[in-house]
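Listed here are the chains, written in short residue letters.
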Amino acid sequence: MGILFLSESFTGILSPDVFIVWAKSFEHPYRIVFILASLSYIGGVISYSYGRLLYNIPVVKYWIDEKFQQQFRLLKKFGGVLIVVSALAPLPFSPTSVVTGAVRYPFKSYLLLATTRYLRFYGYAWFLYLVVKNSGPC
């Protein structure tokens, strides 16, 4: 669980699907899935905070406010869609969280939209457990 948390807090490079399948080995797998989803959500919040801190670096602030102003303005406007898609799809959630933090996407909106991460974990768990349950020798 710590490995997933670190991954979600820094890079998001590890796929949570492996951990969801691992949760099936416990007596109450959906409780473990809830813990994993919570760790992923908290890791995303930490990544968002890194983005807020990155904005304080002069070169990053220049890129956001001056050089790529138009692109980041669109990201601020449609960032909610990006957050939800990243939370639900196999896209890395952590880098998306960093970028939304860096562009100063509203924190309360981020927190609300990022809860869709739970849907991903439970949806994938349901699907993967169904596949594992129904798969057998060929």
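Residues numbered from 1 in each chain as written. Predicted model: local features only at pLDDT ≥ 70, side-chain atom pairs only at ≥ 80, totals over all residues. Heavy atoms only, no water.

Topic: the pattern of salt bridges
Then comes step 1: Scanning all chains against the criterion turns up 2 salt bridges.
Then comes step 2: Note that Glu-8 and Arg-117 form a salt bridge whose closest N and O atoms lie 2.9 Å from each other. Of this pair, Glu-8 sits in helix α1 (residues 2-10) while Arg-117 sits in helix α8 (residues 116-134), and the two are 109 residues apart along the sequence.
Then comes step 3: Note that Asp-17 is salt-bridged to Arg-120, the shortest N-O span being 3.2 Å. Of this pair, Asp-17 sits in helix α2 (residues 16-23) while Arg-120 is found in helix α8, placing the two residues 103 residues apart along the sequence.
Then comes step 4: Arg-120 gets classed as buried once you look at its relative accessible area, which sits at 3%. (Salt bridge = Lys/Arg side-chain N within 4 Å of Asp/Glu carboxyl O. Helix = DSSP H or I, 4+ residues; strand = E, 2+ residues; numbered from the N terminus. Buried < 20%, exposed > 50% of the residue type's maximum accessible area, 1.4 Å probe, protein only.)

Observations concerning the UniProt feature "domain: VTT" (unreviewed entry) in the protein chain
Then comes step 1: Mapped onto this numbering, the UniProt entry gives "domain: VTT" (unreviewed entry) at residues 28-115.
Then comes step 2: Regarding residues 28-115, the helix share stands at 84% and the strand share at 0%, and the terminal C-alpha atoms are separated by 22 Å. (UniProt positions renumbered as here; feature names shortened; annotations may be inferred.)

Structural notes on the nonpolar core
Then comes step 1: Among the nonpolar cores identified, the biggest contains 15 residues, and Ile-64, Phe-93, Val-103, Tyr-105, Tyr-110 and Ala-114 are the most heavily contacted of them.
Then comes step 2: For this core, the secondary structure elements donating two or more residues are α3 (29-54), α4 (58-67), α5 (69-88), α6 (93-102) and α7 (107-114).
Then comes step 3: Once you skip the residues sitting within four places of it in the chain, Ile-64 turns out to touch Tyr-55, Gln-69, Phe-72, Ala-102 and Val-103.
Then comes step 4: One finds Leu-4, Ile-32, Ala-125 and Tyr-129 within the second-largest nonpolar core, a separate group that totals 11 residues. (Core = buried A, V, L, I, M, F, W, Y, C linked by side-chain atoms within 4.5 Å. Contact = heavy atoms within 4.5 Å.)

Looking at the UniProt feature "transmembrane region" (unreviewed entry) in the protein chain
Then comes step 1: In the numbering used here, UniProt assigns the feature "transmembrane region" (unreviewed entry) to residues 32-53, 74-91 and 111-132.
Then comes step 2: Spanning residues 74-91, this segment combines 83% helix with 0% strand, and its end C-alpha atoms are found 19 Å apart.
Then comes step 3: Overall, residues 111-132 shows 95% helix and 0% strand. The separation of its end C-alpha atoms is 32 Å.

Regarding the packing of aromatic side chains
Then comes step 1: Scanning the entire structure with this criterion turns up 9 aromatic pairs.
Then comes step 2: On the basis of an interplanar angle of 20° and a centroid distance of 5.6 Å, the ring pair of Phe-10 and Tyr-50 is categorised as stacked. On the criterion of sequence distance, the pair formed by Phe-10 in helix α1 and Tyr-50 in helix α3 is long-range, its members being 40 residues apart.
Then comes step 3: Seen in terms of ring centroids, Tyr-48 and Tyr-110 are 4.7 Å apart; in terms of plane orientation they differ by 25°. Their pairing is stacked. Here Tyr-48, found in helix α3, pairs with Tyr-110, found in helix α7; they are 62 residues apart in sequence, far enough to count as distant.
Then comes step 4: A residue is classified by how much of its surface remains accessible, and Tyr-110, at 1% relative accessible area, is buried. (Phe/Tyr/Trp six-rings, centres within 6.5 Å; stacked < 30°, edge-to-face > 60°.)

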